[in-house]
Amino acid sequence: MERTKTAEPESQAIRSALSRKLNALQVLTVDAVAFLESLQTRTVEFDEGVEFVADGDPMKTSFIVQSGWAIRYVLLSSGRRQIISFALPGDILGLHADFKRTATYSASALTPLKVATVEPKRLIDLNRLFPTVAAGLSWCSAREHAILGDQAVRLGRLAADQRIIHLLLELWHRLRLIGENDGRRLDVPMTQTDIADTLGLSLVHTNRQLSKLRRDGRIAMEHGKIRLNDFDRLIDMSEFNPDHLKAFSL
């Protein structure tokens, strides 16, 4: 049973990005926060570029991102890479590892990465003991589905400049939820190759489109960060729908 005493957002008990994210959506009980934190005591660190999930391999563990960025991707027989999505702090790779025993994608560290490794049974325990937190995890799954839907629209129907802005807006909204963006600036570790491999563009075309977006004043580079100018205009031109990432509430 969940106790009614709630954890303050600034509480030292709320250390992990996952706890911060879920607590921002629905204020968690002290016991729920303690359980979430206890899930993440066994950690592994990966250097940039290290693959820790291989497509087709057994998926026996769930990974909770604590710091850094990871990518989910598929490598084609030609050697070309399609990045499916980005895993940010607080995201879970293999949330349903107890249902899907084989990985359907590869995952690697885009930056130096720290993850907690969790046995799927512990997540089943969470569903039983803390239904409010379980609802939050269900929202995480639904939001991931929405993100993949947006990725399909980006690849299939948007022009190159729209794809770039659409992706940047998605990342801005996701980082804001965990308190890791800087106003309208994005500290993104992606290279132009990463952007190209996400959006189905050539590296040359990606470079040209980024230069055009800067010339047009839609984005700017400041101290290594990307600043997004005139959000309403960017949302309109890219047909980005913030409601797809809307927080849940009970």
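Residues numbered from 1 in each chain as written. Predicted model: local features only at pLDDT ≥ 70, side-chain atom pairs only at ≥ 80, totals over all residues. Heavy atoms only, no water.

Digging into the sheet that holds strand 9 (residues 185–186)
Reading across from one edge, 9-11-10 is the order of the 3 strands in this open sheet, with antiparallel pairing throughout. Each edge of the open sheet is held by one strand with a lone partner, namely strand 9 and strand 10 (219–222). (Pairing = 2+ DSSP bridges. Helix = DSSP H or I, 4+ residues; strand = E, 2+ residues; numbered from the N terminus.)

Some words on helix 6 (residues 192–199)
With respect to burial, helix 6 is a largely interior element, 6 of its 8 residues being buried. Taken residue by residue, helix 6 has Asp194, Ile195, Ala196, Asp197, Thr198 and Leu199 as its buried positions. Looking one or two places after helix 6, you find glycine 200, whose phi comes out positive at around 65°. (Buried < 20%, exposed > 50% of the residue type's maximum accessible area, 1.4 Å probe, protein only.)

Observations regarding the confidence of the model for the chain
Chain-level pLDDT for the chain is 90 on average; 92% of the residues reach the 70-or-more range. Overall, residues 1–12 carries pLDDT values under 50, and its contacts beyond four positions in sequence, including any with other chains, amount to 28 contacts. (pLDDT = per-residue confidence, 0-100. Contact = heavy atoms within 4.5 Å.)

Overview of empty space enclosed by the protein
With a probe scaled to a water molecule rolled over the atoms, the places where space remains empty come into view. Under the definition given, this model contains 2 cavities of 30 Å³ or more. In this structure, the largest cavity is lined by Lys21, Leu88, Pro89, Asp91, Arg143, Arg174 and Ile178. A per-class count over the lining of the largest cavity returns 3 nonpolar, no polar and 4 charged. If you add up the space inside the second largest cavity, you get close to 30 Å³. In this structure, the second largest cavity is lined by Ile84, Ser85, Phe86, Ile147, Gln151, Arg154, Leu167, Glu170 and Thr198. Those elements giving two or more residues to the lining of the second largest cavity turn out to be strand 5 (81–87), helix 4 (131–157) and helix 5 (160–177). (1 Å grid on protein atoms, 1.4 Å probe; cavity = no way out; pocket = protein on both sides within 12 Å on 5 of 7 lines; lining within 4 Å. Points joined across faces, edges and corners; volume = space filled by probe spheres on them. Nonpolar A, V, L, I, M, F, W, Y, C, P; charged D, E, K, R; others polar.)

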